[in-house]
Structures are given as structure tokens and as C-alpha cells.
Amino acid sequence: MALPPIHRTQAKLRDRHPILLLLALSAGMTFVFWHELWMGASLVGGDTYTSFLPQKKYFADCIRAGELPLWNNLGGHGYPIIGESETGFCYPTAWPLYRHLPVNTAFNVNLILHFGLCFAFTGLYAHRLGLSPGAAALAALIYTYGWFPARVHWEWAYQSGAWLPLIFWCCESYLQSARRRFWLLFIFAYAVQLLSGHFTIAFYTLCALATYLPLRLYFGGSLAPEIANAKRFNAVLLASGIMIAFALAAIQVLPTWELKGRSLRREYPFSEVEYGRLPAPYLGQLIAPWYFYREDVDVNQWIPAGEPLTHKVEAHLYCGLIPLALALCALCSGRFLRVDGVWPWVVIGALGLLFATGVMLPVTKYLPGFGYFANPARYSVLTMFGLGLLCAQGWTMLGARLPHRYRAITLAVIFVGSTFDLQWAGSTVSFTKTLKGPLINWASRGKLRAVLAGFGQPVRVFGRGQGLLTCLGVAATPPFLALPPKEYSDSEYTLPQPWPFDAPASPAQIEWLQTAGVTHVLSFERLDSSWPVNLVWSGNDAFVNTAFGRQELLYLYELRGTRGRVTWLELDARIDGTAIVREYKANSVRLTANSNTGGRLVLSDLAYPGWNVSIDGQSAEAITVDKMYRGVTVPTGEHDVVWTYEPRSVYGGAIVSIVTLTVLICFSCVAYLWRRPTVR
């Protein structure tokens, strides 16, 4: 007998109570862990100001000025924004947040949003597996606030990690119901994870799916009849969904693939990224974090001499003492085997832990994908997800043995105690700290920015801090990029070592700086006579000093004998001519060149596929100078030279993404109309 409308509404609300509870709890937990960011504070430390915030500021400045920034002309000698991926150019939250909010506020909102989404998605997935709302919330707490807070200086980690549980929720929902809408949502969820950039956790998600799907399809009992009767078809369908997701995210994937081909990661194995593993003895942190997290304990003491090193953040793996006890109880009892979606995660988590220790690197580093994403300790994100689900199963066992009136109280004690435990661990093992007020806002009001802006022509500064100095609106070298062109990491092109501030500058280093178009040098120490420089300013800068955490005076020098940002070159002698930068935008550079004899005009920015040059509106042939800089031969007289960035990889990727999206929308509409009952 059908229920009356009011009773149907009440039943729907009862069904949605767990979801509403998880959503409310996810928002509340972000305030518990990040209340300072809610109040407008800023994160300082780690990669925050050397990489992420400088890129976000450049992105925000461009889109507010009405530009579509495809190239960052401030980082080093420039690099493709989409290809490098960590700017998140194509990510759904990037444009609305950084277009309409101050940079620090947008960064905080994005962080808080993704921690909230991560908690909610994990809880929903655990609930889909049949776990109670309380157990699901416990699993969400462990995954979200066990692995990510220590690594909060990696925006890509919490941003892409938030989508992992949603992807598996979609997958599990499809396996249990055989409804195609979950298959479509699965495609979109994985595509969004790819659009978040960096791809590390997207690759781990792919590895986990490759393990999870066969185990669920062939050893799981809670499958929809349509799935159970056509396992091969549905395995192919889900695999095709992954391929479609790549096509949907092609606007991000293709430019990154192009950049990879021009980086040192173009061949396997890429041994340098073996850095960062979890030594097996350091797993003692799971039961004695107060010892292993002490400042005088060096995690590298357990790594044999000559092998790649690590640090405590990379090797961090802590889920809390009470959750660990619950997980061990569930593991020892074998009860997790009764839940179809939980036990595959025990297998995945164990494999993730094995990979995290680095013992598989001698084999896996030669495999495509595994050789590229070889920072082994990061596989522990899969272990943490498995621990969260095991803990939830352990609580289910414990809760079933408790009197009903004590269950809620006991769960609350476990949840609150674990929250404080994870809060302590996340703050102890971290590179970041919070600073009252948005530090990034000080960049536009500092003394140093005003001094550098007074030189008129674009400048390039050499100094510490990597991307930090680009917040001042000037180009800075060396850059700090997750996926750099080979010119930024190959010793053939980079500044000769050792670092010149740590020792007198050598003639080879001075020559490199002059050839690279460096115009100024910024230092916390007075430069000695080995530097051909003139002191132009000295003092404290509120932004730079605070970001470095140093109170010493800053010294800004002008470098003599440099090519500058644009210059004429001649094989025998310097040409009698002038070259002035008239316009310096993200995707274009306009120069006015005037000479008596004509010759090669060099712009000391990176030569990269997609950069085209024209002279007085007519296409010209671009040449590469000194293996990495942009050059063009200009005839006698005064001419207008324009460099324009028109990347085929971006345009091609955009076409593939748009076509794929159009096909998916059409498919969804046809499927909806086909299933919709006819009204008579």
C-alpha cells in the first residue's frame, strides 16, 4: 500500500538524516581544525609561499585584468601555467574564487572547502558500504584529518585527495544499483580529480581502482543482478569511464604531457623523485608518536647510506591511538571480510604501505606511471583510507557489544579524543604555521616592490625564496616547479653550483646570471667584491622579511654587464641600437626595436612550443639563443616585434574536452528521455 504524501516526505527525511549529519559534521570539523583560517589568518611555511600562493596571485591578477593567462612570465624565465598544473587553471573552484575574492581568502576558502568535501565524501562512501553514520564519521575523521593536515602545504594533496572517496562512492553505487547515472558521475568525479593537477593522487586512485574493481566484481556478494550477470561488460564499462574521464580532462592532461616531454621526467626511471620514503622502523609512530615526532629524532637514521633521503612530513602516517586499536581489533577478528567494500581496502592499504616503504622501487621505478610518481611515502594515503574503514568496522563490532544507551556517549568520546590526537599530530609534524592576517596583501604595500617598480622596464631578480619574490610583481629566478622544463633542472642550463650566497661568486656564475637577463640581486648579506653590482636599496620589507621569518636587513643590488630582459646580439660586437619592452603580458610581449644594421634581438625568456613572433604584423622565424632563450632576426630601422603564446596542446585539449562534454550531455539527455515514462 502506497504511503500518503506527508508520510513519504517524512520517510525521505529519515533516509537523509545520515547524509545531513555527515554534511553538518564535515563543516564543523573544518572549524575545529582550521578556525584560524576561518578568521582570516594565512598559512606560512613549506611550499605555500615558494610555490602555491605566488602562482595563485599571478593567476588572480591576470584574470582580474581581463587576461586569460596561459603562460606565467614571472617564474624563472617563464613556464606554461596549464602544463605545470599546480596553478589549477582548469579546476572548477579556481576561477570563481580567485576572480572575486582576495588571494588569501580564496586560498583559505579552497582549503576549508576541500577538507569539508573530503570528510563528507568519505562518510558517504563508508555509509554506502553499510556502515552506520557514526562509524562512517569516524572513518571520515581518520582519512581527512590523519593524512592531510601534516601535508597542508601541498595544495594538490588535499585538493585531489578529496575526490578519491567520491570516486569510490560512485563506483560502489553503480555496482550496487547498476544505475548509469552513477557511472556518469564516476566519470565527472575522476575528471575533476585530474583537473586539480599534479596527478599523483589521481594515479594512486587509478591503482586502487585497478585492485578494487576485480575484487568487488568477482568476490563481492552485494552486487546488483545486472552487474553480477555481466561482470566482464561492467568491468569494461568502468574502465572505459576512466578513459572518458581522461578525455574530459584533456585540457589539463595534454599540456602537462607536452611539458613532461620537455622535462627530465620524460624517461624512466626518474630516480630523483625517489626522495621521500617511509622507513619501516618509523612505523613505530603509529603507537609511539611522542617519541618519533621529537625534534631530536631524525627519520633518516633508518635509511641506509647512499639511498634517497626523506623527512617527517613525507613519512608521516598516524591515525590516532584509539582508531588504531579499533582497526587492529577488526583486522584480528576478520569481521571486515563480511563487508564487501571494506576488505578490498585492507588489500589496497597493505599494498600502499608496502610501496610507501620504498622496498618495491627497484622494480616499480622502471614501470610507466610508477616510475614517474615514485615518491614512495605518498602511497600511504591509500593505507590511511584503509585504516579509516577498518577503524569504522572496529567501532561497529564494539558498538554492537555495548548497551544502546552507552553507544552514543562512547562514540562521542572516541571521536573527540581522536580529534584532539590528530590535531596534535598534524601540528607537530608540519612545515606550516598560521600567521594573523593575510601576509600576501603586504606584498603590494612593501618598500621593496616600490623600489623595483621604479626601474620602468621589467626586471628579473635573483635571490632566495624562489616563487616568493614573484609576489612583488617581478620575474624571479630560480623558480620552484613540480614539473619544470629541463632548462630549470638540467645542470647544462642551470646556475653552476654551489649556491653563490654561501660562497664567493665564481666567474661562471656571474656569466650565467648576466646571460640569463638577471637585472637585480637580493640578499640578506652584503655581497663581496666578486659580484659586479651596485647597491640600490637596503632596508626591511614587511612582506619579504615576514615570509622568510628573518629580521636582518635586505640588500638589493643592480647587476652590471647583464643582457637585461631584451637586448641585441652580434657575433663580433654589440649593435648600435635600442630595444624597449612596451607591453609585457601573460601571453604576449611587445617590443620596439631600433638599430642601424639589423641583427638578432633576444628576449631572455624561455623558448617553448607555442611562442610565435611577428615583426610589424608579419610572421617571422623564431630562433633559440643559447639553447633556451627566444630570439628573432630583425632588419635595419625601427620595428614593432610581438611575441604571442598560442599553444596547440591547450587548444587541442580544449577541443577534446568540449567534444567529450557535449557527447556526455547528449548521452545523459537521451538516457533520461528514454527511461522517462510517457504521460497520457
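Thresholds, definitions, all that
- Residues numbered from 1 in each chain as written.
- Predicted model: local features only at pLDDT ≥ 70, side-chain atom pairs only at ≥ 80, totals over all residues.
- Heavy atoms only, no water.
- Phe/Tyr/Trp six-rings, centres within 6.5 Å; stacked < 30°, edge-to-face > 60°.
- Helix = DSSP H or I, 4+ residues; strand = E, 2+ residues; numbered from the N terminus.
- Lys NZ or Arg CZ within 6 Å of the ring centre and 35° of its normal.
- Salt bridge = Lys/Arg side-chain N within 4 Å of Asp/Glu carboxyl O.
- Buried < 20%, exposed > 50% of the residue type's maximum accessible area, 1.4 Å probe, protein only.
- Core = buried A, V, L, I, M, F, W, Y, C linked by side-chain atoms within 4.5 Å.
- Contact = heavy atoms within 4.5 Å.
- Pairing = 2+ DSSP bridges.
- Axes fitted to C-alpha atoms, helices over the stretch in contact; angles between N-to-C directions.
- pLDDT = per-residue confidence, 0-100.
- Polar contact = N/O pair within 3.5 Å; in protein donor to acceptor, adjacent residues only side chain to side chain.
- Patch = residues over 30% accessible without salt bridge, like charges linked within 9 Å, V, L, I, M, F, W, Y side chains within 5 Å.
- Areas by Shrake-Rupley, 256 points an atom, 1.4 Å probe, with all protein chains shown as cover.

S.K.: What's the story with the packing of aromatic side chains in this structure? I'm lost.
M.R.: Aromatic rings considered in pairs are described by the distance between their centres and by the relative angle of their planes. In total, this model carries 47 aromatic pairs according to the counting rule given. Ring geometry for Phe33 versus Tyr145: centroids 4.0 Å apart, planes at 15°, classification stacked. Of the two residues, Phe33 sits in helix H1 (residues 5-38) while Tyr145 sits in helix H6 (residues 133-147), which places them 112 residues apart along the sequence. One residue, Arg151, lies across the ring of Trp147, its end atom 4.0 Å from the ring centre.

S.K.: I tried to follow the pattern of salt bridges on my own but got confused; where do I start?
M.R.: Two side chains bearing opposite charge may form a pair once their charged atoms approach each other closely. Taken as a whole, this structure holds 15 salt bridges when the rule is applied. One salt bridge connects Glu155 with Lys56, and the closest N-O pair in it is separated by 3.2 Å. Placement of the pair is Glu155 in helix H7 (residues 155-161) and Lys56 in helix H2 (residues 48-64), with a sequence separation of 99 residues. According to the relative accessible area criterion, Glu155 is buried, its value standing at 2%.

S.K.: Quick question: what am I supposed to make of the nonpolar core here?
M.R.: Grouped burial of nonpolar side chains is what soluble globular proteins tend to show. Ranked by internal contacts, the top residues of the largest apolar core, which has 220 residues, are Phe148, Trp345, Trp531, Leu601 and Val641. In contact with Trp345, other than residues within four places in its own chain, are Tyr125, Leu164, Phe168, Ala208, Tyr212, Leu382, Phe385, Gly386 and Leu389.

S.K.: Hey, could you run me through the sheet that holds strand E17 (residues 629-634) in this one?
M.R.: By definition, the strands of a sheet pair up through backbone hydrogen bonds, in either a parallel or an antiparallel sense. Reading across the sheet, the four strands line up as E10-E13-E17-E16 and stay open at both edges, with antiparallel pairing between neighbours. Each end of this open sheet is capped by a strand with a single partner; those strands are strand E10 (566-569) and strand E16 (622-625). Adjacent strand axes in the sheet meet at a mean angle of 35° when their direction is disregarded. As defined by bridge partners, E16 adjoins E17 across four bridges and the pair is classed as antiparallel. When the sheet's bridge partners are listed, Ile623 is paired in E17 with Gly631.

S.K.: Could you clarify how one ought to interpret the confidence of the model for the protein in this entry?
M.R.: In low-pLDDT segments, the atomic positions of the prediction should not be examined closely. Per-residue confidence for the protein gives a mean pLDDT of 89; residues scoring 70 or more make up 95%. Scored below 50 in pLDDT, residues 6-14 shows one contact in the model against residues more than four places distant or in partner chains.

S.K.: So what exactly am I meant to see when it comes to unusual backbone geometry here?
M.R.: Excluding glycine, a negative phi dihedral is what most residues carry, and trans is how most peptide bonds are arranged. For the peptide bond that leads from Thr477 to Pro478, omega is 0°, which places it in the cis range. By secondary structure assignment, the location of Pro478 is in the loop between strand E6 (475-477) and helix H21 (507-515). Even without being glycine, Ser85 reaches a positive phi, approximately 80°. Secondary-structure assignment places Ser85 in the loop between helix H3 (81-84) and helix H4 (94-100). A relative accessible area of 4% places Ser85 in the buried class.

S.K.: Explain the side chain of Glu155 to me, please; I cannot follow it from the model alone.
M.R.: One polar contact links Glu155 to Lys56, side chain to side chain, over a distance of 3.2 Å. Sequence-distant contacts of Glu155, defined by excluding residues within four places in its chain, comprise Phe52, Lys56, Glu86, Tyr98, Phe107 and Asn110.

S.K.: How should the environment of Tyr645 be read in this particular structure?
M.R.: Its place among the elements puts Tyr645 in strand E18 (residues 637-645). Judged by its relative accessible area of 3%, Tyr645 is buried. Tyr645 sits 101 residues away from Val544 along the chain, and the two C-alpha atoms are 31 Å apart. Each residue touching Tyr645, except ones within four places of it in the same chain, is listed here: Leu70, Trp71, Pro80, Asn587, Tyr608, Pro609, Gly610, Trp611 and Tyr651.

S.K.: I keep staring at the sheet that holds strand E15 (residues 618-620) and nothing clicks. Help me out?
M.R.: Pairing in this open sheet of five strands is antiparallel, and the strands run E11-E12-E18-E14-E15 from one edge to the other. Whereas interior strands pair on both sides, the edge strands pair on one side only; in this sheet they are strand E11 (577-584) and E15. Ignoring strand direction, the axes of neighbouring strands in this sheet form an average angle of 30°.

S.K.: Looking at this structure, I do not really get a nonpolar patch on the surface. What am I missing?
M.R.: A cluster of nonpolar side chains, Trp290, Tyr291, Leu321 and Trp424, forms an exposed patch at the surface whose accessible area comes to about 420 Å². Within the secondary structure, Trp424 is located in helix H19 (residues 404-428).

S.K.: Any chance you could explain the pairing of strand E7 (residues 520-523) here in plain terms?
M.R.: Look at any regular strand and the pattern is simple: side chains alternate between the two faces of the sheet. Alternating positions in E7 separate into two faces, His520 and Leu522 on one and Val521 and Ser523 on the other, with burial throughout. Two strands pair when backbone bridges link them, and strand E5 (residues 460-462) and E7 are joined in this way by two bridges, in the parallel orientation. By the bridge assignment, Val461 is partnered in E7 with His520. Pairing geometry for E7 and strand E9 (residues 554-559), over four bridges, is antiparallel. Across the sheet, the residue bridging to Ser523 is Tyr555, located in E9.

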